[in-house]
Amino acid sequence: SRYCREVLPGEIVKISRHGVDTLDVVQRSEGDPSAFCIFEYVYFARPDSIFEGQMVYSVRRRCGQQLAIEAPVEADLVSTVPESATPAALGYAEKCGLPYVEVLCKNRYVGRTFIQPNMRLRQLGVAKKFGVLSDNFKGKRVVIIDDSIVRGNTISPIIKLLRESGAKEVHIRVASPPIRFPCYMGINIPTKEELIANRPEFHDLANYIGADSVVYLSVEGLVSSVQESIKARQENNPKNHKSFIGKIGHCTACLTGDYPVELEW
């Protein structure tokens, strides 16, 4: 298989032995900009996916760099929970001038934790899911980059594991903003009450999960990381510039509560 091109939002294509033909492009009502799900870049998509002409891996790396600008910390090394946040961790380490070091390795003999029937089993699963590379961080101040903290259940046992294995400090940096609102566009986000960002514990999240500090990426930081190369490409291509200007749009509803369509009940 080979990459040909993206299907545009609202585009209906016909694929045949003669190639790919556009049958129609359905525009958003009233010419509103597109509302591509920003969480595809943060979490859902494979890192080698290409959206809006850019690779997801590169966007995640930029998110890590932006996070380093917004939330630096005095530390000895940067790491991650393998391996969805690795691009962001590499970006953070690069921007801070700290070494990226592996502190955990995946135990390939343990099943998926999220399908365990209750929280206690999920947490036990997390502890068994990883091996600890303690020689890499004993006596050191560690920054762990995560792609998102949704409920706060998964990260706590990992922090405990690192401390028990000799980490001097454990700082958490999250390469996306806190999720606060439900998604009505087809993504199964936990209820508002389950989201850690809406719970009283969020006001002292570091203490709640056992970290020395916790900082999330800002919404503005995420949007700029996602849109940076799209804007640059448009500005460098005068032919497309006029037709695309102002058309960049991303849905941030789960982060801001600003939905791209009016909700009807």
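Residues numbered from 1 in each chain as written. Predicted model: local features only at pLDDT ≥ 70, side-chain atom pairs only at ≥ 80, totals over all residues. Heavy atoms only, no water.

Caption draft 1: Expanded view of helix α5 (residues 155-164). Of all the 10 residues making up α5, seven are buried; the element is thus mostly covered by neighbouring parts of the structure. Listed in full, the buried residues belonging to α5 are I155, S156, P157, I158, I159, L161 and L162. The positive-phi residue at the C-terminal boundary of α5 is G166, with phi of around 115 degrees. (Buried < 20%, exposed > 50% of the residue type's maximum accessible area, 1.4 Å probe, protein only. Helix = DSSP H or I, 4+ residues; strand = E, 2+ residues; numbered from the N terminus.)

Caption draft 2: Representation of the packing of helix α2 (residues 56-70) against helix α3 (residues 86-96) within the structure. α3 packs onto α2 with a crossing angle of 40 degrees between their chain directions and a minimal axis gap of 7 Å. Judged by the inter-axis angle, α2 sits oblique to α3. α3 is crossed by α2, and the crossing has right-handed handedness. Residues Y57, R60, R61, G64, Q65, L67, A68 and I69 of α2 touch α3, and the partners they reach there are P87, A88, L90, G91, Y92, E94, K95 and C96. Its residues assigned to classes, the contact of α2 with α3 comprises nine nonpolar, three polar and four charged. (Axes fitted to C-alpha atoms, helices over the stretch in contact; angles between N-to-C directions. Parallel < 35°, antiparallel > 145°, perpendicular 65-115°, else oblique. Left-handed = near helix turned anticlockwise from the far one by under 90°. Contact = heavy atoms within 4.5 Å. Nonpolar A, V, L, I, M, F, W, Y, C, P; charged D, E, K, R; others polar.)

Caption draft 3: Quick peek at α3. Every buried residue of α3 is accounted for by T86, P87, A88, A89, G91, Y92 and A93. Next to the buried residues of α3 lie α2, β6 (77-80), β9 (141-146) and β10 (169-174). A positive backbone phi angle near 75 degrees is found at G97, which sits one or two residues after α3.

Caption draft 4: Here's a closer look at the pairing of β9. The buried count for β9 comes to five of six residues, which makes it a mostly enclosed element. Bridging between β6 and β9 involves four bridges; their strand directions are parallel. Bridge pairing in β9 places L77 opposite V142. Alignment of β9 against β10, held across six bridges, turns out to be parallel. Across the sheet, residue V143 finds its bridge partner in β10, namely H171. Handedness of the crossover joining β9 and β10 through α5: right-handed. (Pairing = 2+ DSSP bridges. Right-handed = clockwise from strand over helix to strand, strands pointing away.)

Caption draft 5: How the structure looks around the sheet that holds β9. Sheet architecture is open: four strands sit in the order β6-β9-β10-β11, paired in parallel fashion. The open sheet has two free edges, formed respectively by β6 and β11 (213-216), since each of these has just one partner strand. On average, adjacent strands in this sheet sit at an angle of 25 degrees to one another, irrespective of strand direction. Inspection of the sheet shows β10 paired to β11 by four bridges, in the parallel sense. Across the sheet, V174 pairs through a bridge with Y216, a residue of β11. Each of β9, β10 and β11 is contacted by α2, which is oriented at about 120 degrees to β11, the strand it contacts most. Each of β6, β9 and β10 touches α3; the most contacted strand, β6, lies at about 170 degrees to it.

Caption draft 6: Layout of the nonpolar core. Ranked by size, the top nonpolar core spans 31 residues in total, and within it V78, Y92, I145 and L222 carry the most contacts. For this core, the secondary-structure elements that each account for two or more residues are α1 (38-44), α2, α3, β9, α7 (219-235) and α9 (253-256). With five residues, α2 is the largest single contributor of residues to this core. Judged by nonpolar contacts, the second largest core, of 26 residues, contains I159, L162, I196 and F202. (Core = buried A, V, L, I, M, F, W, Y, C linked by side-chain atoms within 4.5 Å.)

Caption draft 7: Representation of the side chain of Q54 in the model. Among the structural elements, Q54 can be located in strand β5 (residues 54-55). Not counting chain neighbours up to four residues away, the residues in contact with Q54 comprise Y41, S49, V59, R62, V226, S229 and I230.

Caption draft 8: Molecular detail of a nonpolar patch on the surface. Taken together, the side chains of Y184, M185, V261 and L263 define a hydrophobic patch exposed on the protein surface, amounting to about 330 Å² of accessible area. With respect to the secondary-structure elements, Y184 resides in the loop between β10 and α6 (205-209). When its relative accessible area of 41% is taken as the criterion, Y184 is described as partly exposed. (Patch = residues over 30% accessible without salt bridge, like charges linked within 9 Å, V, L, I, M, F, W, Y side chains within 5 Å. Areas by Shrake-Rupley, 256 points an atom, 1.4 Å probe, with all protein chains shown as cover. Salt bridge = Lys/Arg side-chain N within 4 Å of Asp/Glu carboxyl O.)

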